[in-house]
Structure formats: C-alpha cells, structure tokens
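Structural description and commentary
These are the residues of each chain, in order.
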Number of protein chains: 2
Amino acid sequence: MSASGESVSGRVKPGVMFGVGVGPGDAELITLKAARLIGAAQVVAYPALPGRESLAREIAAPLLPGVFEELRIEVPMTAERAPAQAAYDAGAARIAEVLERGRDVVFLCAGDPLFYGSFMYLQARLCGRFAVRAVPGVASPMAAAAAAGLPLAARDEVLTMLPATLDDAALRERLQLCDSAAIMKVGRHLARLRALLDDMGLTARAHYVERAAMAGEVIRPLAEAPDAAPYFSMILVMKGADPWL
Amino acid sequence: MSASGESVSGRVKPGVMFGVGVGPGDAELITLKAARLIGAAQVVAYPALPGRESLAREIAAPLLPGVFEELRIEVPMTAERAPAQAAYDAGAARIAEVLERGRDVVFLCAGDPLFYGSFMYLQARLCGRFAVRAVPGVASPMAAAAAAGLPLAARDEVLTMLPATLDDAALRERLQLCDSAAIMKVGRHLARLRALLDDMGLTARAHYVERAAMAGEVIRPLAEAPDAAPYFSMILVMKGADPWL
C-alpha cells in the first residue's frame, strides 16, 4: 500500500474515523491514546456552533500537529431537529470523502464522544460504510466531582445524569429515585432549578459547578451560585448523608 | 525547603494526597495528568482485595517509575461495613504518616476516583488535615459504550448508573424513568437481571459488556451473554429508538 492509501490492486483502502474524547477542558485531562491519535492526525474534524470557536478544538489545541487538514462541522443549536440533521448529513459527506481517499479522520469531542456528543450522529451516518472507533474520554460530571471534591456514587448508590431541559415534574420524579444527580446544561434554567431543588429540600445538598477543569472554573454551594449560568454549567446533587464513611 | 520537605522553620510541610483515576483498563486510557503524577511519584498507594492483585496497580503498571514506595491498602469486600471501615481507617493512618513526612501520595483508582471508588473513603478521612486532590479518569460506562459503539445519552436523554445489587423492584422503577442505563457490577446477578429485562421487554435493547478496554473484552447482545459474568461486567440498556438521528 502506498502512502496515499492506494493498495496494489489499485483500489484505495478507506480510512478509519476516530471519535476521540478530549475531556472536560484541561488539555492534561486528555488520555494518552487520544493524545497519540491527535498528534499524528493528518485530518482533524470537530463540531462548532455557527460563528463560534469549537470547544473541542480549543481543548485539543496544545496537542494538534504542526500541519493538518481541518474539517469544521458547523451545527446549529435549534429547537427543531431538521437543521442539525442536515448539518450532520453534510458533515458526514465531507468526512466520507476524506475516508474514501484513504485518510483517517480524528473527530474531536469535548468530554466523552458518546455522552451528549456530536460524534454519535456522525457515527450513525458513517458506520455502515466505514470503520468507526470511539476513544472514551473524561466526562464532565466526573470532572465536576473531582473539582468539587464530592463523591458521585458509593457502594449501592444510584447516579443519574439529567438534562436541565426536562420539565419540573420529570426532574422531580427522577431526583427522588437517585442518590446523586448531575444536572447538565444548566444555562438559562438556573433560576427554575434553584426553585425546584429548594422546594424538594435539596438546596443544602446541591453544588453549582461552572466550567469544571477549564479556565474560570467556579464551584459554590448552590445557595451561593451566581444569578446567570453559562451553558457549560452543572448542578451536582448529593442526597446521601456521608454515605461513604 | 529541603528535598525531604523540611522548611527553613524546621517544620515539615505536609504532602498532598492525589486520588488519580487510571481509567477502565487499557493503560493508554490514562490521562496525561495522571501519567505525569504516576511517573513522578515517590509513594504510590492502591486498594486491593485481600490476597488478590490490585486492578488499579495492574492498569497503571506500565507507567510506574523505576523506584517508589508502595502502600497496598487491603480492603475486604463484606456485607457489613465495619471491616471495610476499619481497613480504611488503617489505610488512612498509613497515608497520613507519609504525608506528615512531607511526601505526596499518589493513590491509584481504577476508572474514576469518585465514581464507585475507594478513594472517597480515604478522602473523607484525610481531607480535614491534608490537601487532597482528585484527578478524574475515564469511567467504565464510557469505556463500555465506546467498545460497543453505542451512544450513552443524546440531547434530552436521561442516563442512570444502577448497581446490580439493587432488588428487582428498585431496578424496574429506575429503568422505567431513564432513556439509557448502565447496570454495574453484574457478576452473580446476571441471571436475575436477564429475567428482569426480559420481563420489561428490554432484552433486544440490552448489551452485555465484560472487561471493557481490558484484555479479554467481551461485547454481545444480552441474549447471547455467557452464563456466568465476572464482577467487572456491565449491561448497557439503550431504550431510545435511534434517538440520535
């Protein structure tokens, strides 16, 4: 096989798509495997909101090689699914074109690629035709717990990951059935979540974590949280009473 | 300050205890930060079952420095808590003795240190007197999802981590209220879990993962799972119908 991926039969062996978790923010929280793949990449792809910096690319920036081809895949964050689906269709087609040339593609994912990541939408579109591999990463609830020094789950405890976008009734029911919870994507839902947790008597057991393992990290008891939260903020709720002693 | 940690005032500045996640099994899934701390460690501690190899030490073995002091902390796995508590008391005392000498201690944790890890029991005993820092790692559900190529959670989905030790009623109630679940520590509960998931109509959506990212990894639809499962096995239940497309 030549360097371009062309085999002796004249047909090009397709490249592999790697969905690589780059962890929560600190480039040192990238795994050795992800660092190796990123450092050797010829083609690097990543998701971005239209007109904005890509968080995944920012996190991986210190490890990127000197020269590489970039595929920026813009995905709008809209209430309807159709615009995002069209963006993933187009992104998958661009990645497929590179894979068909015999080049691997390293797709960067903030946190873990299969935990609320863009990678899964591309994987679904490409895995029938190409080899697709996920490289797991440090997920944001684990980074938030480490930054706050709080246990996520001990022994027989139940841990639930809840998107803040759920309505109060859905959140309440699920918070009642777990020992710990990570409420993700807090952003504009902060005031409503504070009222709900207060009503459930959980405020004293709730911690606000903003930008865990990133520059500008904020960790506070929920009662002392700021009035406005960015999208990448989280509330950790620990209901157990010193359960780990 | 001298190399031994003694300050000019003659008092030794205490060391720092680091709880370092070493990920699910593959040494390449250790983070750059954990690798740096492990490679430079003078004192390495880790949990082990009495008379057994320590999984955390096995995972980190390729990264350990040439010369270091080892603290093996044996913790029995018993139904009553008192024996484990006594073991953590004794382990914390041994770690405290090293920290008081001015040496840092790197405590190795399989997976993530605050997700079903021994570190939290030691942290609870030491954090009042010493600086304790957690370094998050890749948790086993993320490794299992990557190995199986299955999305854990998309968009507004709820992901729950459930210990297999819960009784059927508790598991059923919680499985009904999530979109995906990782049922951890399957071991001797496999037959009961299969019957429960079958009764709930979830067998076709359940995947058995044994030793994800370790030698001897097994990934199968639950219907084709082996008859006996080791402690480090997991069932991933994905209830959403292609929710990511």
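With that settled, the discussion passes to the relation of the copies chain A and chain B. Note on the identical chains: chain A maps onto chain B by a rotation of 180 degrees and an axial translation of 0.0 Å, with an RMSD of 0.0 Å. What the rotation and shift describe, once combined, is the action of a two-fold rotation axis. Here 100% of the interface residues in chain A have copies in chain B that are interface residues too; the copies meet face to matching face.

Take the sheet that holds strand S4 (residues 105-109) of chain A next. Residues and elements named next belong to chain A. Pairing is parallel in the open sheet, where 5 strands are placed in the order S3-S2-S4-S1-S5. Each having just a single partner strand, strand S3 (69-74) and strand S5 (131-135) make up the two edges of the open sheet. Averaged over all pairs of adjacent strands, the angle between their axes in this sheet comes to 20 degrees, without regard to strand direction. Of the strand pairs in this sheet, strand S2 (residues 43-48) and S3 are connected by 6 bridges, and their pairing is parallel. Across the sheet, residue Val44 finds its bridge partner in S3, namely Glu70. Seen against the sheet, helix H1 (residues 32-39) touches strand S1 (16-21), S4 and S5 and runs at an angle of roughly 130 degrees to S1. The strands that helix H3 (residues 82-100) touches are S1, S2, S3 and S4; relative to S3, the one it contacts most, it runs at about 165 degrees.

In this section: the packing of helix H3 (residues 82-100) of chain B against helix H4 (residues 119-126) of chain B. All names here are of chain B. Remark: H3 packs on H4, axes separated minimally by 9 Å, with the N-to-C direction vectors making an angle of 60 degrees. With respect to H4, the axis of H3 lies oblique. As for how H3 packs across H4, the hand of that crossing is right-handed. On the side of H3, the interface is formed by Gln85, Tyr88, Asp89, Gly91, Ala92, Ile95 and Ala96, while H4 contributes Tyr121, Leu122, Arg125 and Leu126. In the contact of H3 with H4, the residues fall into 7 nonpolar, 2 polar and 2 charged.

Turning our eyes to something else, we now look at the interface of chain A and chain B. Residue-level contacts link 56 residues of chain A with 56 residues of chain B. In total, chain A and chain B occlude about 4700 Å² of area from one another, counting both sides; carbon and sulfur atoms represent 63% of this. The three residues of chain A that bury the most area against chain B are Glu28, Leu32 and Leu177 of chain A, which together make up 14% of that side's buried surface. Taken together, the connections running from chain A to chain B amount to 2 salt bridges. Where Arg36 of chain A meets Glu28 of chain B, a salt bridge forms, and the shortest distance between an N and an O atom there is 2.7 Å. Our count for the contact surface shared by chain A and chain B stands at 27 residue pairs in polar contact (both at pLDDT 80 or more). Elements supplying a minimum of two residues to the side of chain A that touches chain B: H1, helix H4 (119-126), S5, helix H5 (140-148), strand S6 (159-163) and helix H6 (168-176) of chain A. Classifying every residue of the side of chain A that touches chain B gives 35 nonpolar, 8 polar and 13 charged. Here 3 bridges tie S6 of chain A to strand S6 (residues 159-163) of chain B, and the two strands are oriented antiparallel to one another.

All of the buried residues in H5 of chain A are Pro141, Met142, Ala143, Ala144, Ala145 and Ala146 of chain A. Tucked into the core, H5 of chain A has its buried residues touching S6, strand S7 (180-184), strand S8 (206-210) and strand S10 (233-238) of chain A together with strand S5 (131-135) of chain B. Phi turns positive one or two residues past the end of H5 of chain A, at Gly149 of chain A, with a value near 65 degrees.

Let us now look at empty space enclosed by the protein. Space left empty within the atom packing is revealed by a probe, the size of a water molecule, rolled over the atoms. In the structure shown here, the tally under the stated rule is 1 cavity of 30 Å³ or more. Roughly 50 Å³ of internal volume is contained in the largest cavity. Looking at side-chain class alone, the lining of the largest cavity contains 5 nonpolar, 2 polar and 2 charged residues.

On to the side chain of Ser233 of chain B. Residue and element names in this part refer to chain B. Residue position: Ser233 is located in strand S10 (residues 233-238). Taking the relative accessible area as the measure of exposure, Ser233 reaches 2% and is therefore buried. The residues touching Ser233, leaving out its near neighbours within four places in the chain, are Ile183, Met184, Lys185, Val186, Gly187, Tyr208, Val209 and Glu210.

This next bit is on unusual backbone geometry. Despite not being glycine, Arg155 of chain A shows a phi value in the positive range, around 45 degrees. Positioned with a positive phi, Arg211 of chain B is a non-glycine residue whose angle comes to about 55 degrees. Here Arg211 of chain B is to be found in the loop between strand S8 (206-210) and strand S9 (218-221). The class for Arg211 of chain B is partly exposed, based on a relative accessible area of 33%.

All names here are of chain A. Splitting chain A by domain gives domain 1 (16-135) and domain 2 (140-238). Once you take the C-alpha centre of each, domain 1 and domain 2 turn out to be 27 Å apart. Contacts between domain 1 and domain 2 engage 8 residues on the former and 12 residues on the latter. When domain 1 packs against domain 2, the two sides together hide about 760 Å² of surface, and 79% of this comes from carbon and sulfur. Of all residues in domain 1, Pro24, Phe115 and Tyr116 give up the largest surface area on contact with domain 2, accounting jointly for 62% of the area buried on that side. Our count for the contact surface shared by domain 1 and domain 2 stands at 0 salt bridges. Here domain 1 is connected to domain 2 by 1 residue pair in polar contact (both at pLDDT 80 or more). When the residues that make up the side of domain 1 that touches domain 2 are grouped by side-chain class, the tally is 6 nonpolar, 1 polar and 1 charged.

Now for the packing of helix H6 (residues 168-176) of chain B against helix H7 (residues 190-199) of chain B. When two helices pack together, their arrangement is given by the angle between the helix axes and by the axis-to-axis distance. Residues and elements named next belong to chain B. Interaxial distance between H6 and H7 falls to 11 Å at its minimum, and their mutual angle equals 45 degrees. With respect to H7, the axis of H6 lies oblique. Regarding H6 and H7, the two cross each other, and that crossing is right-handed. Counted together, Asp168, Leu171, Arg172 and Leu175 of H6 and Arg192, Leu193, Leu196, Leu197 and Asp199 of H7 form the full contact between these two elements.

Following the criterion strictly, the structure yields 20 salt bridges over all chains and no others. Across the pair Glu70 of chain A and Arg57 of chain A runs a salt bridge, and its minimum N-O distance is 2.8 Å. Note that Glu70 of chain A is positioned in strand S3 and Arg57 of chain A in helix H2 (residues 55-60), a separation of 13 residues in sequence. A relative accessible area of 34% means that Glu70 of chain A is categorised as partly exposed. With a shortest N-O distance of 3.8 Å, Arg174 of chain B and Glu173 of chain B are connected by a salt bridge. The exposure class assigned to Glu173 of chain B is partly exposed, which follows from its relative accessible area of 39%. Connected via shared salt-bridge partners are Glu69, Glu97 and Arg101 of chain A.

The rules we used
Residues numbered from 1 in each chain as written. Chains lettered and ligands numbered in written order. Predicted model: local features only at pLDDT ≥ 70, side-chain atom pairs only at ≥ 80, totals over all residues. Heavy atoms only, no water. Least-squares fit on C-alpha atoms with pLDDT ≥ 70 in both. Contact = heavy atoms within 4.5 Å. Pairing = 2+ DSSP bridges. Helix = DSSP H or I, 4+ residues; strand = E, 2+ residues; numbered from the N terminus. Axes fitted to C-alpha atoms, helices over the stretch in contact; angles between N-to-C directions. Parallel < 35°, antiparallel > 145°, perpendicular 65-115°, else oblique. Left-handed = near helix turned anticlockwise from the far one by under 90°. Nonpolar A, V, L, I, M, F, W, Y, C, P; charged D, E, K, R; others polar. Buried area = accessible area lost by both parts, 1.4 Å probe. Salt bridge = Lys/Arg side-chain N within 4 Å of Asp/Glu carboxyl O. Polar contact = N/O pair within 3.5 Å; in protein donor to acceptor, adjacent residues only side chain to side chain. Buried < 20%, exposed > 50% of the residue type's maximum accessible area, 1.4 Å probe, protein only. 1 Å grid on protein atoms, 1.4 Å probe; cavity = no way out; pocket = protein on both sides within 12 Å on 5 of 7 lines; lining within 4 Å. Points joined across faces, edges and corners; volume = space filled by probe spheres on them. Domains from an automatic or database assignment.

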